[in-house]
Amino acid sequence: MAENSRRKRFTKVATNRVQKIIDYLNLLQNCSNRRNYEYDEEDVNHMFEEISKALKDAKAVYANELSKGNGKSGFTFNK
């Protein structure tokens, strides 16, 4: 598959998926209405810890893939 085609496919798919995540976060915000839902600080912290973990894991996968393409391999000192 041509590079340009792969890039277009990435931008199309990633754009849609990021928008879905944003939409679902907006839906989650609707649960903050305390007239309709009962929750405490522990519940909120637990939700956002899990979301933060999932976001961190996803970012790590991308960082790992990006680091594969930098041409470096083996041992190096970080300066």
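Parameters and conventions
- Residues numbered from 1 in each chain as written.
- Predicted model: local features only at pLDDT ≥ 70, side-chain atom pairs only at ≥ 80, totals over all residues.
- Heavy atoms only, no water.
- Helix = DSSP H or I, 4+ residues; strand = E, 2+ residues; numbered from the N terminus.
- Rg over C-alpha atoms; globule rule 2.2 N^0.38 Å.
- Buried < 20%, exposed > 50% of the residue type's maximum accessible area, 1.4 Å probe, protein only.
- Areas by Shrake-Rupley, 256 points an atom, 1.4 Å probe, with all protein chains shown as cover.
- Lys, Arg positive; Asp, Glu negative; His and termini not counted.
- Charge placed at Lys NZ, Arg CZ, Asp CG, Glu CD.
- Expected span 1.5 Å × (residues − 1).
- Polar contact = N/O pair within 3.5 Å; in protein donor to acceptor, adjacent residues only side chain to side chain.
- Phe/Tyr/Trp six-rings, centres within 6.5 Å; stacked < 30°, edge-to-face > 60°.
- Lys NZ or Arg CZ within 6 Å of the ring centre and 35° of its normal.

Trainee: I'm lost on the overall build of the chain in this one. Help?
Mentor: Each helix and strand in the chain was counted, giving two helices and zero strands. Its C-alpha atoms give the chain a radius of gyration of 19 Å, more than 25% over the compact-globule value 12 Å for 79 residues. With the C-alpha coordinates aligned to their principal axes, the bounding extent of the chain is approximately 55 × 35 × 15 Å. Taking all 79 residues of the chain together, 1% fall into the buried category. When the accessible surface of the chain is summed, it comes to about 8,000 Å², and 55% of that surface belongs to carbon and sulfur atoms. Between the centroid of the 15 positive side chains of the chain and the centroid of its 11 negative side chains there is a distance of 16 Å.

Trainee: Would you mind showing me how to read helix H2 (residues 41-68) here?
Mentor: Helical geometry note: an α-helix holds 3.6 residues per turn, so side chains three or four residues apart project in the same direction. In a regular helix each residue adds 1.5 Å, so 28 residues correspond to 40 Å; H2 covers 40 Å between its end C-alpha atoms and thus fits that length. Here H2 starts with a cap whose side-chain oxygen sits 3.1 Å from the backbone nitrogen of Glu-42, and that cap is Asp-40.

Trainee: It is not clear to me how the packing of aromatic side chains should be interpreted in this structure. Could you clarify?
Mentor: The description of an aromatic ring pair rests on the distance of the ring centres and on the angle between the ring planes. For the structure shown, the criterion picks out zero aromatic pairs. The ring of Tyr-39 carries the charged tip of Arg-34 above its face, separated from the ring centre by 4.5 Å.

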